[in-house]
Amino acid sequence: MKSHRDAIRKGQESGDYVPGVMNYYSLMSDLITLCSGPFWHFVPMFKGVSRAEAHSRFHHTVTRYLGAGKEDTVLEIGCGYGEMGRQVAKISGASVTGLTMADAEIVGGNERIKDAGLDDRCKIVQGNYHKTDFQDASFSKVFGIYTLKYSSDLDAVFGEVARLLKPNGRFLSYEILVTDTYDKTNPEHQEYVQNISTCTCMPPLWPAQAMRDAALKAGLVPVVEEDIGAVPNARPWYTCFTNGIYQILACPLLLPFFRCAETMRLLPPAFTDWFENVLVHPTVDFVRAGRLGIISGTVVMTWRKP
Ligand SMILES: C[S@@+](CC[C@H](N)C(=O)[O-])C[C@H]1O[C@@H](n2cnc3c(N)ncnc32)[C@H](O)[C@@H]1O
């Protein structure tokens, strides 16, 4: 937890969260995959539809909104192990390059590409999406899923995406965003939103308007803005937590019990601190903030480069 806290403090002081994000994902990539599977984002859930099927539908939805086809060269920014990019490649036939920062993600992602037999048209490379080494107009489509929440400089990212897109190219972003319902004077709202950011080493979550403004400044033209989870039959995007894990983690006796076990040396020192900050907080705060409607996890936004 010390490296995590140091990284958050440095991010807050400098506005550069990149080293902290690298540290977080070096520590957490395998644990996140173990707990939540290959996709590190929430998707709309539906009654009678399994989680795997909901994710599969989401892959098709993203591919459709992106308008990806066989002839496209696609860049996925902040790709994790590149699971989403591989799905887009499989569905559309496009070539997909994933860009991410943590070494573990690049090695693990490229192994998965090879295992899927997609190494003739997919790869993962290391880079920071605020400023990349790609040439101007290298891609016809760019997308990012749950990754701009790690940026503290949306103008830089949108400027870079606009540079990388070919004319008439498209950018799709699917993010956790702060909604208009958020009241910055309400301490409960503040606490949930702030906990989500600090526990996962992120800068403050962005309001949707900040995304619109940055896109406009970069010269991109809005095409679609839609909450794909706000449809009849949909269950809340945080449903994956409320099926059991939330009830356990929100139990007020859990942390005192762990602290006691730590004192009796039945658990390693600082276990409770790690458990509370890395598991309890983000989970409980996502559910409570989602229930209050102050953050949304299922907004798709797309823009076109003129
Ligand atoms: C929550 S994960 C999402 C991964 C993947 N898009 C998904 O939804 O399954 C965020 C990802 O963004 C990456 N990331 C964060 N900041 C980045 C930056 N400045 N440049 C490139 N990748 C970044 C992280 O390393 C991580 O892979």
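Under an unreviewed UniProt entry, the name given to the protein is Sterol 4-C-methyltransferase strm-1 (STRM-1) (Sterol A-ring methylase-1), and the organism recorded is Cladocopium goreaui. Among the UniProt annotations of the protein, the heading Sequence similarities (unreviewed entry) holds the following wording: "Belongs to the class I-like SAM-binding methyltransferase superfamily. Erg6/SMT family."

A. Focus on the overall build of the protein. For the protein, the helix and strand inventory stands at 12 helices and 9 strands. Dimensions of the protein, computed from the C-alpha atoms along their principal axes, are close to 60 × 45 × 40 Å. Within the protein, buried positions represent 41% of all 306 residues. Long-range pairs, those at least 24 residues apart, make up 75% of the contacts in the protein between residues at least 6 apart in sequence.

B. Representation of the environment of V88 in the model. Relative to the assigned elements, V88 resides in helix 4 (residues 83-92). Overall, the presence of 25 C-beta atoms within 10 Å leaves V88 in the buried class. When residues no more than four places from it in sequence are discounted, the contact partners of V88 are V62, T63, L66, A68, V74, A94 and V96.

C. Representation of the nonpolar core within the structure. Counting 65 residues, the largest nonpolar core has V88 and V142 as its most contacted members. Looking at this core, the element that brings in the most residues is strand 6 (residues 165-178), giving 7 residues. By size, the runner-up hydrophobic cluster in this structure holds 8 residues, among which are A7, Y17, C201 and M202.

D. Representation of the site of the ligand within the structure. With respect to spatial proximity, 24 residues lie near the ligand, and among them W40, G78, G80, T147 and Y150 are the closest. Secondary-structure elements contributing two or more residues to the shell around the ligand are helix 2 (18-36), helix 4 and strand 3 (95-100).

E. The environment of R212, seen in detail. Within the secondary structure, R212 sits in helix 8 (residues 208-217). Judged by the 15 C-beta atoms lying within 10 Å of it, R212 is partly exposed. A sequence separation of 90 residues divides R212 from T302, and the C-alpha atoms of the two residues are 10.0 Å apart.

F. Examining the sheet that holds strand 6 more closely. With mixed pairing, the 7 strands of this open sheet are ordered in space as 4-3-2-5-6-9-7. Each edge of the open sheet is held by one strand with a lone partner, namely strand 4 (122-126) and strand 7 (221-227). Ignoring strand direction, the axes of neighbouring strands in this sheet form an average angle of 20 degrees. Sheet analysis places strand 2 (residues 73-77) next to strand 5 (residues 139-145), joined by 4 bridges and oriented parallel. If you follow V74 over to strand 5, its bridge partner there is K141. Contacts between helix 3 (residues 51-66) and the sheet are confined to strand 5, strand 6, strand 7 and strand 9 (295-304), with strand 6 contributing the most and set at about 140 degrees to the helix. Its contacts with the sheet place helix 6 (residues 154-164) against strand 2, strand 5 and strand 6, and it is angled at close to 150 degrees to strand 6.

G. How the structure looks around helix 7 (residues 187-199). The first and last C-alpha atoms of helix 7 sit 18 Å apart over 13 residues, in line with the 18 Å expected at 1.5 Å per residue. Every buried residue belonging to helix 7 is among Y192, V193, I196, S197 and C199, and all of these are buried. Where helix 7 ends, the next residue or the one after it, C201, has phi of about 60 degrees, a positive value.

H. Region of interest: helix 4. By the criterion of burial, helix 4 is predominantly enclosed, with 8 of the 10 residues buried. Where helix 4 is concerned, the buried positions are E83, M84, G85, R86, Q87, V88, A89 and S92. The inward-facing, buried residues of helix 4 abut helix 3, strand 2, strand 3, helix 5 (103-115), strand 4 and strand 5. Of the residues one or two after helix 4, G93 is the one with positive phi, at around 85 degrees.

I. Inspection of the pairing of strand 4 at higher detail. Note: strand 3 against strand 4, 5 bridges, orientation parallel. Bridge pairing in strand 4 places T100 opposite Q126. Traced from strand 3 through helix 5 to strand 4, the parallel crossover comes out right-handed.

J. Expanded view of the packing of helix 7 against helix 12 (residues 271-292). Interhelical geometry of helix 7 versus helix 12 gives an angle of 140 degrees and a closest axis separation of 9 Å. Taken as axis vectors, helix 7 and helix 12 run oblique relative to one another. Once helix 7 is placed against helix 12, the crossing between them reads as left-handed. Together, H189, Y192, V193, N195, I196 and C199 of helix 7 and N277, V278, H281, P282, D285, F286, R288, A289 and L292 of helix 12 make up the contact between the two elements. Looking at the contact of helix 7 with helix 12 residue by residue, the classes come out as 9 nonpolar, 4 polar and 2 charged.

Parameters and conventions
Residues numbered from 1 in each chain as written. Predicted model: local features only at pLDDT ≥ 70, side-chain atom pairs only at ≥ 80, totals over all residues. UniProt positions renumbered as here; feature names shortened; annotations may be inferred. Helix = DSSP H or I, 4+ residues; strand = E, 2+ residues; numbered from the N terminus. Buried ≥ 20, exposed ≤ 12 C-beta atoms within 10 Å, placed from the backbone. Contact = placed C-beta atoms within 7 Å. Core = buried A, V, L, I, M, F, W, Y, C linked by C-beta atoms within 7 Å. Near = placed C-beta within 6 Å. Pairing = 2+ DSSP bridges. Axes fitted to C-alpha atoms, helices over the stretch in contact; angles between N-to-C directions. Expected span 1.5 Å × (residues − 1). Right-handed = clockwise from strand over helix to strand, strands pointing away. Parallel < 35°, antiparallel > 145°, perpendicular 65-115°, else oblique. Left-handed = near helix turned anticlockwise from the far one by under 90°. Nonpolar A, V, L, I, M, F, W, Y, C, P; charged D, E, K, R; others polar.

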